[in-house]
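Close look at the chain arrangement
Chain by chain, the residues:
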Amino acid sequence: NLQGHRARPEGFRGREYQAWFAEDIPIDAGPWKFHGLPGLIFEVYSTDRTVSIGLKGLKNIESESIPAFSSKGKQMTRNELATCLDLEYEAFYK
């Protein structure tokens, strides 16, 4: 049983968004540009309900099945990663 928490509305591109997240899963990740809360984001929606993004599912995996990161990757700061992800999301949703 996960304890859900509601985040205060935040504005983005002229629209207010509400997020539901779980501190029980201490991962500051979420869909699209929504991240940085003290737990995994389960749902984000605009307060006018024209945009709604929800978690489809969770899967518990064993640590041995998680692939290792490649040593050929580029090291970057958190801001550089966020910018890179933003560009990928923008290209995907065009």
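Throughout, a residue's number is its position along its own chain's written sequence, starting from 1. Per-residue local features are limited, in this predicted model, to residues with pLDDT of at least 70; the limit for side-chain atom pairs, both in listing and counting, is 80 or more; totals at the level of whole chains, interfaces and linings are taken over all residues. As a rule here, side-chain values come from all non-hydrogen atoms in the structure, and water together with hydrogens is ignored.

1. Overview of the pattern of salt bridges
- Salt bridges are counted wherever a side-chain nitrogen of Lys or Arg sits within 4 Å of a carboxyl oxygen of Asp or Glu. Across all of its chains, the model carries two salt bridges by this definition.
- Arg-15 is the partner of Asp-48 in a salt bridge, and the nearest nitrogen-oxygen pair spans 3.7 Å. With Asp-48 in the loop between β4 (40-46) and β5 (52-54) and Arg-15 in strand β3 (residues 15-22), the pair connects residues that are 33 residues apart, well separated along the chain.
- Overall, the relative accessible area of 30% leaves Arg-15 in the partly exposed class.
- A salt bridge links Asp-28 to Arg-78; the shortest N-O distance between them is 2.2 Å. Of this pair, Asp-28 sits in the loop between β3 and β4 while Arg-78 sits in helix α1 (residues 78-92), and the two are 50 residues apart along the sequence.
- For Asp-28, a relative accessible area of 33% corresponds to the partly exposed category. Strands are runs of DSSP state E lasting at least two residues, helices are runs of H or I lasting at least four, and both sets are numbered from the N terminus onward. Only protein chains enter the area calculation, which uses a 1.4 Å probe; residues under 20% of their type maximum are buried, those over 50% are exposed, and those in between are partly exposed.

2. Thoughts on the nonpolar core
- Residues grouped as a nonpolar core are buried Ala, Val, Leu, Ile, Met, Phe, Trp, Tyr and Cys residues, joined through side-chain atoms within 4.5 Å. Listed in full, the seven residues of the largest apolar core are Tyr-17, Ala-19, Phe-21, Trp-32, Phe-34, Ile-41 and Val-44.
- Listed by contribution, the elements that provide at least two residues to this core are β3 and β4.
- Sorting elements by how many residues they give to this core places β3 first, with three residues.

In short, shape yes, function no, at least from these values alone.
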